[in-house]
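Listed below are the residues making up each chain.
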Amino acid sequence: NAISYNVFGTEQPKDYYIKRVIAVAGDTVQIKEDGVYVNGKLLDEPYVNNEREPNYNGVSQDLKNGVTVPKDHIFVMGDNRNHSKDSRAIGFVPVDCILGKVIGT
């Protein structure tokens with residue numbers, strides 16, 4: 001599921017992002033060198049840009065250990081993992097900031 005959300009904390013957002021929802025409230029996200037795990041299961045992600053192998057070495061220690069998505073939040077990631085500003089950098093996204101769902105390819 002890809003969603004569009006605004007950067008929270010601004011009245012009139014100038015930037016909008018389209019990212020893939022990786023996990024929802026209550027899910028545990030863990031990022032290891034070999035990929036992204038949700039609730040202990042490695043995600044099969046054929047949609048990730050394969051021009052270069054995703055590099056997960058720079059993630060926080062919390063994400064390496066596993067974090068639980070808080071209530072009323074989501075964890076998002078871009079398909080172009082090596083060049084994406086997503087929950088690895090900005091943290092969990094409040095569901096109130098979701099503007100819509102992308103339908104189609």
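In what follows, the structure referred to is the one given above.
Residues numbered from 1 in each chain as written. Predicted model: local features only at pLDDT ≥ 70, side-chain atom pairs only at ≥ 80, totals over all residues. Heavy atoms only, no water.

A. Quick look at unusual backbone geometry. The phi torsion at N39 lies on the positive side, around 55°, for a residue other than glycine. Turning to its location among the elements, N39 is positioned in the loop between β4 (35-38) and β5 (41-42). The residue D72 is not glycine, and still its phi comes out positive at about 65°. Residue position: D72 is located in the loop between β6 (67-68) and β7 (73-77). With relative accessibility at 44%, the residue D72 sits in the partly exposed group. (Helix = DSSP H or I, 4+ residues; strand = E, 2+ residues; numbered from the N terminus. Buried < 20%, exposed > 50% of the residue type's maximum accessible area, 1.4 Å probe, protein only.)

B. Highlighting the environment of N65. Along the chain, N65 falls in helix α1 (residues 61-65). Among the residues examined, N65 registers a relative accessible area of 53% and is labelled exposed. On a C-alpha basis, the gap between N65 and I31 in space is 7.8 Å, while along the polypeptide they are 34 residues apart.

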